[in-house]
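Listed below are the residues making up each chain.
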Amino acid sequence: MTRVGRPITRMRLVLPAGRPAAEVVAARLADAFAVHGVQVRQQLHGAPPDGAPRADVAFWLPDADGATPTPDVRAAPARVHVALVVDPTTPPRPLARYDALLVPHEALLAPVEAALKKAGGRERGVQVARLAGDATAARDAEKALHGVAGRTVVVVDARGTNDGDREGDLERTVVQLALKAQPCAVVLLAPHDERSRARVRSLADTHGVDAFLASGPDGLAQSIAAADLYLGRPAWDELLLLALHRTALTMLPHDRRVALLAGLSSAPGRPVDELLGLLQLAAGLDRMVVDPGALSARGLALREALYQPERALLDQLAAVEPLPQGAAAHAAWEAIGPHARGSAPPPGSVEAREPGAAAEPTRAQRIEDALSALKAKIATGGQA
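Residues numbered from 1 in each chain as written. Predicted model: local features only at pLDDT ≥ 70, side-chain atom pairs only at ≥ 80, totals over all residues. Heavy atoms only, no water.

A. Region of the structure containing the overall build of the protein chain. Assigned secondary structure in the protein chain consists of 13 helices and 12 strands. Going through the 384 residues of the protein chain one by one, you find that 46% of them count as buried. Expressed as a percentage of contacts within the protein chain between residues at least 6 apart in sequence, the contacts between residues at least 24 apart total 69%. Split by element, the accessible area of the protein chain, about 19600 Å² in all, is 54% carbon and sulfur. (Helix = DSSP H or I, 4+ residues; strand = E, 2+ residues; numbered from the N terminus. Buried < 20%, exposed > 50% of the residue type's maximum accessible area, 1.4 Å probe, protein only. Contact = heavy atoms within 4.5 Å. Areas by Shrake-Rupley, 256 points an atom, 1.4 Å probe, with all protein chains shown as cover.)

As structure tokens, then:
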């Protein structure tokens, strides 16, 4: 938007529970807004009303799965409610409940507009609005804190997925790390259960791999500040966390890719790289680690693709106006039928009958005939 609306003095950031990466992103966003005198109150999805004064803006982050939540205006009272949308393939109905929809990258603009139209909401502009914030500590300081000063740090995500072959992925990952030739400090993210952790320790001993082991819900959030490169399958909030810390990202194969990741991997300049499979991990890692300058440039490109100065984001939020009263009722209308799908209506029905036979009168024709007979009877004084 070109104009700046009402000033923002109070804001609510509504984020999912149990997502340390989202908590870090929200905290850095709150710090950035605080510099401009904005009081930011953070609360979790589904939290009861806290009795705090009504905010100027309630900024809703996606849920743990990347879906846009339905805003609860009683739990998070605000003049306007704004959603950050990262996955347009989730159920579109909640999109129509917001006063504005923001996407962090241009690749999501058209899909979110189509999803909003499908939801039946009143037309409004879907805006590209990158996030704001910065890391609290320099990467070199984080490396020194972990005892790896002066080394390239690579975080390899071996958590896998519940649907995949987790045990097989763990072993293939460790074997590939044993084959790499370039020196670097490796941090292995493992599933947070003692069986998996013991398995990683055993595989590292067997294949002679020196690495650091991290696990738990905050394993990535606590490790990424020191990392030059991340290889894995990040969720939406983990992707924003990587960009926040200017960490280069190389994706590992995944059955369900985050929509935002798909857009970044095909964007000009390709701020996101991708490996074809785990069997290419060692060769790909050697190729990337040998050029630290390229890693730094890729991390900066990822940040510039998803972040902007906080003043620009504040101006976009300040320009949001509430939807007209009754817009929620319009959101309940869903277009159906062939025209809603963009196709032509089906041809009229065909009735089969003998040649020369009179057509069977329709119900409307029978009613008209009965009315005509009644009028004629009245006109003749009731004579048949």
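B. Representation of the sheet that holds strand E11 (residues 248-251) within the structure. In space, the six strands of this open sheet follow the order E9-E8-E7-E10-E11-E12, with parallel pairing throughout. Edge positions in the sheet fall to strand E9 (212-214) and strand E12 (272-274), since each has one partner strand and no second. When strand polarity is set aside, the average angle formed by the axes of neighbouring strands in this sheet is 25°. Strand contacts of helix H9 (residues 281-289): strand E7 (153-157), strand E10 (229-232), E11 and E12, with the helix running at about 165° to E10, the strand carrying the most contacts. (Pairing = 2+ DSSP bridges. Axes fitted to C-alpha atoms, helices over the stretch in contact; angles between N-to-C directions.)

C. Here's a closer look at the packing of aromatic side chains. Scanning all chains against the criterion turns up one aromatic pair. Ring centres of Trp-60 and Tyr-98 lie 6.5 Å apart, and the angle between their planes is 70°; on these two criteria the pair is classed as edge-to-face. Here Trp-60, found in strand E3 (residues 55-60), pairs with Tyr-98, found in the loop between strand E4 (78-84) and strand E5 (100-103); they are 38 residues apart in sequence, far enough to count as distant. (Phe/Tyr/Trp six-rings, centres within 6.5 Å; stacked < 30°, edge-to-face > 60°.)

D. Broad picture of the sheet that holds E3. Strand order in the open sheet formed by six strands is E2-E1-E3-E4-E5-E6, and the pairing between neighbours is parallel. Of all the strands in the sheet, just strand E2 (39-44) and strand E6 (126-128) have a single pairing partner and so form its edges. Within the sheet, the average angular offset between the axes of one strand and its neighbour, ignoring direction, is 25°. Where E4 and E5 come together, three bridges link them in parallel fashion. Within E5, the position partnered with Val-82 by the bridge is Ala-100. Against the sheet, helix H1 (residues 20-34) touches strand E1 (10-15), E2 and E3, its axis set at about 170° to E1.

E. Quick peek at the packing of H1 against helix H7 (residues 236-244). Two elements in contact, H1 and H7, have axes whose closest approach is 8 Å; the angle formed by their N-to-C orientations is 50°. Considering the angle they form, H1 stands oblique to H7. As H1 packs across H7, the resulting crossing turns out to be left-handed. Judged by residue contacts, Ala-21, Ala-22, Val-24, Val-25 and Arg-28 of H1 engage Trp-236, Asp-237, Glu-238, Leu-240, Leu-241 and Leu-244 from H7. For the contact of H1 with H7, the class distribution of residues is eight nonpolar, no polar and three charged. (Parallel < 35°, antiparallel > 145°, perpendicular 65-115°, else oblique. Left-handed = near helix turned anticlockwise from the far one by under 90°. Nonpolar A, V, L, I, M, F, W, Y, C, P; charged D, E, K, R; others polar.)

F. A look at helix H5 (residues 194-207). End to end, H5 covers 20 Å across 14 residues, agreeing with the expected 20 Å (1.5 Å per residue, within 8%). Inspection of H5 places Ser-196, Val-200, Leu-203 and Ala-204 among the buried residues, and these make up the whole buried set. Within H5, the buried residues cover an arc of 100° as seen down the axis, which keeps them to one side. In this structure, H5 carries Glu-194, Arg-195, Asp-205 and Thr-206 as exposed residues pointing more than 90 degrees from its buried face. Phi for Gly-208, located one or two positions after H5, is positive at around 65°. (Expected span 1.5 Å × (residues − 1). Arc of directions from axis to C-beta.)

G. Broad picture of the nonpolar core. Core analysis: the biggest nonpolar cluster contains 76 residues, and Val-82, Leu-101, Leu-249, Leu-302, Leu-306 and Leu-317 have the highest contact counts within it. Sorting elements by how many residues they give to this core places H1 first, with eight residues. Among residues more than four places away in sequence, those in contact with Leu-249 are Leu-229, Tyr-230, Pro-234, Leu-239, Leu-242, Leu-261, Pro-271, Val-272, Asp-273, Arg-298 and Leu-302. Leu-170, Leu-231, Leu-252 and Leu-295 belong to the second-largest nonpolar core, a separate cluster that totals 25 residues. (Core = buried A, V, L, I, M, F, W, Y, C linked by side-chain atoms within 4.5 Å.)

H. Looking closely at helix H2 (residues 109-119). Within the sequence span of H2, burial applies to Val-112, Ala-115, Leu-116 and Ala-119. End-on, the buried residues of H2 take up no more than an arc of 100°, which puts them together on one face. Facing away from the buried side of H2 by more than 90 degrees, the exposed set consists of Ala-110, Lys-117 and Lys-118. One or two steps after H2, the chain reaches Gly-120, where phi turns positive at roughly 85°.

I. Representation of the environment of Ser-202 in the model. Within the fold, Ser-202 resides in helix H5. Residues Ser-202 and Glu-171, spaced 31 residues apart in sequence, show a C-alpha to C-alpha distance of 10.0 Å.

J. Highlighting unusual backbone geometry. Phi at Arg-246 is positive, roughly 55°, even though this residue is not glycine. The exposure class of Arg-246 is partly exposed, given its relative accessible area of 31%.

K. Structural detail: the pattern of salt bridges. For the coordinates displayed, the defined rule picks out 17 salt bridges. The partner of Arg-201 in a salt bridge is Glu-194, and the shortest N-O contact between them spans 3.0 Å. When the shortest N-O distance is used, the salt bridge between Asp-315 and Arg-311 registers 3.3 Å. Note that Asp-315 and Arg-311 are positioned in helix H11 (residues 310-318) at a spacing of four residues, about one turn of the helix. (Salt bridge = Lys/Arg side-chain N within 4 Å of Asp/Glu carboxyl O.)

L. Spotlight on the side chain of Asp-99. Examined against the element boundaries, Asp-99 turns out to sit in the loop between E4 and E5. You can call Asp-99 buried: its relative accessible area is 13%. Polar side-chain contacts of Asp-99 include one of 2.7 Å to the backbone nitrogen of His-81. (Polar contact = N/O pair within 3.5 Å; in protein donor to acceptor, adjacent residues only side chain to side chain.)

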